[in-house]
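So you can see what is in the structure, the chains are spelled out below.
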Amino acid sequence: MTTAPPATSISPTTGQLWARARGPLLALALILLTGIVLAALQSGSRHDALDPRSAAPAGTRAVAELLKERGVPTRVVATLAEATSTAGPDTTLLVTSPNLLTTAQQRRLHQATSLSGGRTVLIAPSSTALSALAPGVRAAPHPASVEALAPRCTLPAATAAGPADLGGHLYSPIASLPGSGRPDACYPVDGRASLLRLNTPAGGDTVLLGAPDFLLNENLAQQGNASLALQLLGSRPRLTWYLPSLDDPSATGGRPASDDTTGGFLSQVPPGWIWGTAQLALAALLAALWRARRLGPLVTERLPVAIRASETTEGRARLYRRANARDRAASALRSATRTRLSSLLGVPTAHSHTATALLPAVSARLPHSDRDLASLLFGPAPSHDTGLIRLADELDALEREVRAS
């Protein structure tokens, strides 16, 4: 009498698991620490685009320095209260993102600047923002490409600067305020201006810029960009540079009035955090690919314990009996019999479980059989164990008859 080999455990120990995982865990911890350090170092010195404190290509520090040399100091503000408090006849107010303001903020800004007598410069306001900030102006449905354009107007600042990098949003006046004079439409594209200057009743003006490219550090030395920037922003003794922020208390409870996709949550996240998160995601993906299951042919593995097929069948039968699953057992018996009969009768495998295909073939092979083939092969489940045993016996007998015929 042979004795089955003792069962041995194949589960890895805690030490083995740590030995396998410590390399990836240490690498992940190092990447995480590096990302946090880089994000912390970069987030403190990071400025948004169009920020006069930024020396990055998309910053505007060069304009601010040139204005400072000419005696025009630049004050950077981030709240509507600070911006409106500086409005006056001796101040130019530049709003970098008017679309980020809520409708209520835009109305307050327009009320403060329209009667101040100063200059207000709005960068790329959308059609929604124009209804509050510049009534009587309509925006084109589609922006134009930014390129060097000729002024083609009589505005002294534009004619002195000559060609400049403009385009983007295009504007056309549909009405003018009483006594405000005729607007100056400069750098046109298809009859619409990418720089539009409107006079205000108090003696000031509002300038709409379709694109800010001529103000950026990387473009300031090209065309007449520097000349146009200095004349537009340096016409008053002081310059207020308004960078709208989502943290402004005046925006609480308001709704952003922009119909553009500019700004948003990602524009407020420091790039160091974004790059750190991207690096962590890439590292996690590489680790998953490294540790993932390899695709390929199956590899046979020697099992510690050999289990006979008959034992597996008996175990499943006991489970069926304990659960009174006569329907499942009968379905399994009939399905297996139909599959074997189809191969004996030449019925396609795809139709082996179709009564209209299998039953005629069985009847043709056994023309004198008195069995109810439809009930036997496709009938309902037995209601008791005796009926299940009888069904198994009849299926075996039917298969033997087909084989012997």
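Our subject is the structure that appears above.
The paragraphs below set out a description of the structure included in this document. Because the structure is a prediction, the values reported are computed rather than measured. (Residues numbered from 1 in each chain as written. Predicted model: local features only at pLDDT ≥ 70, side-chain atom pairs only at ≥ 80, totals over all residues. Heavy atoms only, no water.)

What follows covers the overall build of the chain. Assigned secondary structure in the chain consists of 13 helices and eleven strands. Counting all 405 residues of the chain, 36% fall into the buried class. A separation threshold of at least 6 residues defines the contact pool for the chain, and within that pool the share at least 24 residues apart is 70%. Accessible area of the chain: about 23700 Å², with a carbon and sulfur share of 58%. (Helix = DSSP H or I, 4+ residues; strand = E, 2+ residues; numbered from the N terminus. Buried < 20%, exposed > 50% of the residue type's maximum accessible area, 1.4 Å probe, protein only. Contact = heavy atoms within 4.5 Å. Areas by Shrake-Rupley, 256 points an atom, 1.4 Å probe, with all protein chains shown as cover.)

With that settled, the discussion passes to the nonpolar core. What tends to happen in soluble globular proteins is that the nonpolar side chains get buried as a cluster. Judged by nonpolar contacts, the single largest core of 37 residues is most densely connected at Tyr187, Leu195, Leu209, Phe214, Leu228 and Leu233. The leading source of residues in this core is helix 7 (residues 225-233), at five residues. Membership of the second largest hydrophobic core comes to 20 residues, among which are Ala83, Val95, Leu130 and Val137. (Core = buried A, V, L, I, M, F, W, Y, C linked by side-chain atoms within 4.5 Å.)

Looking at where Asn99 falls in the secondary structure, it is placed in the loop between strand 2 (91-95) and helix 4 (103-114). With a relative accessible area of 7%, Asn99 lands in the buried category. Within polar-contact distance, the side chain of Asn99 engages the backbone nitrogen of Ser126 at 2.7 Å. (Polar contact = N/O pair within 3.5 Å; in protein donor to acceptor, adjacent residues only side chain to side chain.)

On to the pattern of salt bridges. The final tally for this structure, using the stated rule, is eleven salt bridges. Asp205 is the salt-bridge partner of Arg119, the closest N and O atoms lying 2.9 Å from each other. Taken together, the residues span a long stretch of sequence, with Arg119 in strand 3 (residues 119-123) and Asp205 in strand 10 (residues 205-209) at a distance of 86 residues. No difference in accessibility class separates Arg119 from Asp205, as the two residues are buried. A salt bridge links Arg403 to Glu399, with the nearest nitrogen and oxygen atoms 3.0 Å apart. Highlighted residues: Arg403 and Glu399, both in helix 13 (residues 385-404), separated by four residues, approximately one helical turn. Members of the salt-bridge network, linked through shared partners, are Arg119, Asp184, Arg197 and Asp205. (Salt bridge = Lys/Arg side-chain N within 4 Å of Asp/Glu carboxyl O.)

If you check helix 13, its first and last C-alpha atoms are 29 Å apart, about what 20 residues at 1.5 Å a residue would give, namely 28 Å. For helix 13, the set of buried residues is Gly387, Leu388, Leu391, Leu395, Ala397, Leu398, Glu399 and Val402. Check the buried side of helix 13 and you find it contacts helix 10 (326-345), helix 11 (355-365) and helix 12 (373-378). (Expected span 1.5 Å × (residues − 1).)

For the rest of this paragraph, the subject is the environment of Glu65. Checked against the element boundaries, Glu65 lands in helix 2 (residues 61-69). Taking C-alpha positions, Glu65 is 9.5 Å from Arg53, a pair spaced twelve residues apart along the chain.

Take the environment of Leu94 next. For Leu94, the location among the structural elements is in strand 2. Residue Leu94 is classed as buried on the basis of its relative accessible area of 0%. Spatially, the C-alpha atom of Leu94 lies 9.1 Å from that of Ala83, the residues being eleven residues apart in sequence. Look past the residues within four positions of Leu94 in its chain and what remains in contact with it is Val121, Ile123, Leu233, Leu239, Thr240, Trp241 and Tyr242.

Moving on to the pairing of strand 8 (residues 184-189). Sheet topology places strand 8 next to strand 9 (residues 192-199); five bridges connect them, and they run antiparallel. Its bridge partner being in strand 9, Pro188 is matched across the sheet by Ala193. The hairpin turn running from strand 8 into strand 9, its antiparallel successor, is two residues long, and Asp190 in that turn takes a positive phi close to 55 degrees. (Pairing = 2+ DSSP bridges.)

Across the eight residues that make up strand 9, a large majority, six, are buried. As paired elements, strand 9 and strand 10 share five bridges and run antiparallel to each other. Considered in strand 10, the bridge of Leu196 is made with Leu208. The hairpin formed by strand 9 and strand 10 contains five residues between the paired strands, and Gly203 there has a positive phi angle of roughly 95 degrees.

Moving on: helix 4. Helix length check: helix 4, at twelve residues, gives a terminal C-alpha distance of 16 Å against a target of 16 Å (1.5 Å per residue), a fit within 8%. Inspection of helix 4 places Gln105, Gln106, Leu109, Thr113 and Ser114 among the buried residues, and these make up the whole buried set. Within helix 4, the buried residues cover an arc of 145 degrees as seen down the axis, which keeps them to one side. Turned more than 90 degrees from where helix 4 packs its buried face, Arg107 and Gln111 sit exposed. (Arc of directions from axis to C-beta.)

A separate point is unusual backbone geometry. Of note, Ala124 is a non-glycine position whose phi angle comes to about 50 degrees, a positive value. As for its placement among the helices and strands, Ala124 is situated in the loop between strand 3 and helix 5 (127-133). Positive phi is not limited to glycine here, since Gln223 has a value of about 50 degrees. Take Gln223: it is sitting in the loop between strand 10 and helix 7.

Here helix 10 crosses helix 13 at 5 degrees, and the two axes come no closer than 11 Å. Classified by the angle their axes make, helix 10 and helix 13 are roughly parallel. Contacts between helix 10 and helix 13 pair Arg326, Ala329, Ala330, Leu333, Arg334, Thr337, Arg340, Leu341, Leu344 and Leu345 from the former with Asp385, Leu388, Leu391, Ala392, Leu395, Leu398, Glu399, Val402 and Arg403 from the latter. Taken together, the residues of the contact of helix 10 with helix 13 sort by class into twelve nonpolar, one polar and six charged. (Axes fitted to C-alpha atoms, helices over the stretch in contact; angles between N-to-C directions. Parallel < 35°, antiparallel > 145°, perpendicular 65-115°, else oblique. Nonpolar A, V, L, I, M, F, W, Y, C, P; charged D, E, K, R; others polar.)

A word on a nonpolar patch on the surface. Taken together, the side chains of Leu282, Leu285, Leu286 and Leu289 present a nonpolar region at the surface, about 410 Å² in accessible area. Residue position: Leu282 is located in helix 8 (residues 271-291). (Patch = residues over 30% accessible without salt bridge, like charges linked within 9 Å, V, L, I, M, F, W, Y side chains within 5 Å.)

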